[in-house]
Amino acid sequence: MKENLKTIVFKVDPENPEEEKISVAAEAIRRGGIVAFPTETVYGLGVDALNQEAVKRMYEVKGRPPDNPTIVHIAEFNDVYKLAVDVPEVAEELMRRFWPGPLTIVLKASKIVPRVTTGGLETVGIRMPKHKVALALIRASKTPIAAPSANIAGKPSPTTAQHVIQDFYGSIDVILDAGPTKIGVESTVLDLTTKPPQILRPGGVTYEELKEVLGEVIVHEAAKARESVQLIEARSPGMKYRHYAPKAELIVVEGETNRIVEEIKKLIDEYSKMGKKVGVMATDETIENYKTGIVKSVGSRLDLSTIARNLFRILREFDDEGVEVILAEGVPEEGLGLAIMNRLRKASGYKIIHAN
Ligand code: AMP
Ligand code: MG
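By convention here, each chain's residues receive numbers from 1 onward along its written sequence. Chain letters and ligand numbers both follow the written order, the letters beginning at A and the numbers at 1. With pLDDT at 70 or above as the cut-off, local features in this predicted model cover only qualifying residues; side-chain atom pairs require 80 or more to be listed or tallied, and sums for whole chains, interfaces and linings still use all residues. Hydrogen atoms and water are omitted, and side-chain values are computed over all heavy atoms in the structure.

## Observations regarding the packing of aromatic side chains
Ring geometry is summarised as follows: Phe, Tyr and Trp rings, the Trp one being its six-membered ring, pair when their centres sit within 6.5 Å, and such pairs are stacked at plane angles under 30 degrees, edge-to-face over 60 and tilted between the two. Here the structure, examined in full by the defined rule, presents two aromatic pairs. Centroid distance phenylalanine 77 to tryptophan 99: 6.2 Å. Interplanar angle 40°. Geometry classified as tilted. Of this pair, phenylalanine 77 sits in the loop between strand 4 (72-73) and helix 3 (80-83) while tryptophan 99 is found in the loop between helix 4 (89-98) and strand 6 (103-109), placing the two residues 22 residues apart along the sequence. Whether a residue is buried, partly exposed or exposed follows from its accessible area with a 1.4 Å probe, protein chains only, as a fraction of its type maximum: under 20%, in between, or over 50%, in that order. With a relative accessible area of 35%, phenylalanine 77 lands in the partly exposed category. Aromatic pair tyrosine 244 and phenylalanine 312: ring centres 5.5 Å apart, planes at 35°, arrangement tilted. Here the residue tyrosine 244 occupies a position in the loop between helix 8 (221-224) and strand 13 (249-255), and phenylalanine 312 occupies one in helix 10 (residues 304-320), the gap between them amounting to 68 residues. As far as burial versus exposure is concerned, tyrosine 244 and phenylalanine 312 are alike and both buried. A ring is scored as having a charge over it whenever the NZ atom of a lysine or the CZ atom of an arginine sits within 6 Å of its centre and within 35 degrees of its normal. For lysine 296, the ring lying beneath its charged end belongs to phenylalanine 318, and the centroid distance is 5.5 Å. By the criteria applied, helices consist of DSSP H or I runs no shorter than four residues and strands consist of E runs no shorter than two, each listed in order from the N terminus.

## A word on the environment of methionine 95
When you line up the elements, methionine 95 lands in helix 4. Taking the C-alpha atoms as reference points, methionine 95 and threonine 159, 64 residues apart in sequence, are found 25 Å from one another. In what follows, a contact means two residues having at least one pair of non-hydrogen atoms within 4.5 Å. Apart from residues lying up to four places away in sequence, methionine 95 is in contact with Phe77, Val80, Tyr81 and Ile105.

## Details of the side chain of threonine 159
Topologically, threonine 159 is positioned in the loop between strand 8 (145-146) and helix 6 (161-168). Residue class for threonine 159 comes out buried when judged on its relative accessible area of 3%. Contacts of threonine 159, omitting those with residues within four sequence positions, involve Val42, Tyr43, Gly179, Pro180, Thr181, Gly184, Phe312 and Arg313.

## Comments concerning helix 4
All of the buried residues in helix 4 are Ala91, Leu94, Met95 and Phe98. Seen from one end, helix 4 has its buried residues packed into an arc of 100°, which puts them on one side. The exposed residues of helix 4 that point more than 90 degrees off its buried face are Glu89 and Arg96. Comment: arc refers to directions from the helix axis out to C-beta atoms.

## Overview of the pairing of strand 2 (residues 35-38)
Here strand 2 shows a buried face lined by Val35 and Phe37 and a second buried face lined by Ala36 and Pro38. DSSP bridges decide pairing: two strands pair if at least two such bridges lie between them. Pairing analysis gives four bridges linking strand 2 to strand 3 (residues 43-48), with the strands arranged antiparallel. Opposite alanine 36, over in strand 3, you have leucine 45 as the bridge partner. Between strand 2 and strand 3, which pair antiparallel and follow one another directly, the connecting turn spans four residues. With two bridges connecting them, strand 2 and strand 9 (residues 174-177) associate as parallel partners. If you follow valine 35 over to strand 9, its bridge partner there is valine 174.

## Concerning unusual backbone geometry
Between tryptophan 99 and the following residue, proline 100, the backbone shows a cis peptide bond with an omega angle of -10°. Tracing the chain through its elements places proline 100 in the loop between helix 4 and strand 6. The step from lysine 195 to proline 196 runs through a cis peptide bond, and the omega angle for that step is -10°. Of note, proline 196 is situated in the loop between strand 10 (188-191) and strand 11 (198-201). Although it is not a glycine, lysine 142 sits at a positive phi angle of roughly 55°. Within the secondary structure, lysine 142 is located in the loop between helix 5 (132-141) and strand 8. Note on lysine 142: relative accessible area 69%, which makes it exposed. Positive phi values are uncommon outside glycine, yet tyrosine 244 reaches one of about 60°.

## As for the packing of helix 10 against helix 11 (residues 337-347)
Helix axes use the C-alpha atoms of the stretch in contact, all axes being lines fitted to C-alpha atoms, and the angles between their N-to-C directions lie in the range 0 to 180 degrees. Where helix 10 meets helix 11, the closest approach of the two axes is 9 Å, and the angle between their N-to-C directions is 20°. Overall, the two elements helix 10 and helix 11 adopt an arrangement that is roughly parallel. Here the hand of the crossing between helix 10 and helix 11 comes out left-handed. Across the interface between the two elements, Leu304, Ile307, Ala308, Leu311, Phe312 and Leu315 of helix 10 pack against Gly337, Ile340, Arg343, Leu344 and Ala347 of helix 11. Lys, Arg, Asp and Glu make up the charged group, whereas Ala, Val, Leu, Ile, Met, Phe, Trp, Tyr, Cys and Pro make up the nonpolar group; the residues left over, Gly among them, are polar. Residues that form the contact of helix 10 with helix 11 fall into these classes: nine nonpolar, one polar and one charged. Our angle categories are set so that under 35 degrees counts as roughly parallel, over 145 as roughly antiparallel, 65 to 115 as roughly perpendicular, and the remainder as oblique. Left-handed describes a crossing in which the near helix is turned anticlockwise from the far one by less than a right angle; the clockwise case is right-handed.

## Brief notes about the sheet that holds strand 15 (residues 294-297)
The five strands lie next to each other as 15-14-16-13-17, forming an open sheet whose pairing is parallel. Both outer strands of the open sheet, strand 15 and strand 17 (352-355), are each paired with one neighbouring strand and no more. Averaged over all pairs of adjacent strands, the angle between strand axes in this sheet comes to 20°, irrespective of strand direction. Bridge count between strand 14 (residues 278-282) and strand 15: four bridges; the pairing is parallel. The partner of methionine 281 across the bridge, within strand 15, is lysine 296.

In structure tokens form, the structure reads like this:
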């Protein structure tokens with residue numbers, strides 16, 4: 001692993017990225033270096049997607065298993081046809097409707113994509129991020145950028161540059177800090193090589209939105225994350241590995257809101273008696289109910305985008321405060337709720353309680 005690198009951290013204007021800073025970062029990408037950059041979803045750990053050595057080094061630094069593919073980020077629609085072959089018409093419709101934006105489409109990979117980038121698969125996941133800094137970096141680098149989330153494998157994804165600094169200061173070349181990310185959960189991964197198309201990972205573009213365009217779309221069983229699903233082949237390896245996990249034990253309580261609150265109150269008592277430091281991930285509507293423990297609201301049940309935005313930051317905060325057990329409220333699986341519950345259940349290692 002590359003260590004004790006002199007990491008350059010630049011504050012960048014999210015609306016008008018400074019050219020000099022972007023060009024230093026792009027130069028690092030062109031030399032095969034690693035640059036962390038903001039997108040509208042989470043921060044990414046970027047390298048030249050076509051440079052095998054750079055991709056390998058990024059996997060090492062992140063501690064990512066080599067069979068977990070990385071999304072390739074582009075800034076021009078036409079780059080799709082360089083990276084993929086047999087692009088179906090429906091892909092173009094989706095690109096027009098959702099790009100730039102939090103939708104990754106999985107297509108048959110062309111020859112120029114190194115198989116280290118695709119985790120050995122014959123398919124490639126591609127997206128165009130909706131963030132001026134990301135787009136400026138890709139354009140200046142003059143190459144597609146392969147980027148997983150900029151966290152050490154297994155940890156909660158980074159939604160601020162501080163999270164990236166915690167994990168990678170001294171082991172990557174440049175960190176572009178443009179403040180907190182807007183969406184807070186990763187892109188939706190949609191496989192277009194199957195009929196009907198399948199959501200392999202729920203994310204920033206919702207099932208409902210995709211259904212409107214596609215008519216028929218399936219949510220892969222593992223993407224629902226109801227429980228761990230045995231996968232013979234990792235179609236989308238986010239499915240296979242423990243993910244997003246804080247150091248603390250995390251328990252998700254699901255069901256009707258009032259029942260969730262009652263169950264969590266009981267659990268707070270039980271864990272406190274055991275001498276555990278307990279954290280509660282509540283919502284604006286329920287927070288008043290909890291009188292003991294470290295209680296934080298993750299956002300409002302009336303606007304799930306607020307919960308998506310804060311989710312990973314709150315998990316990291318509980319860790320920073322030495323919480324040993326986090327009790328998290330579930331939300332309905334509608335709209336962004338599907339992505340939120342996918343992240344929470346995986347982060348919990350499927351420690352799920354149904355409060356009924
Ligand atoms: P991360 O890079 O941490 O946001 O995770 C990227 C996710 O995108 C992986 O977990 C995969 O599930 C998914 N992905 C990327 N490329 C492909 C692909 N070719 N086929 C299936 N899933 C993919
Ligand atoms: Mg990730």
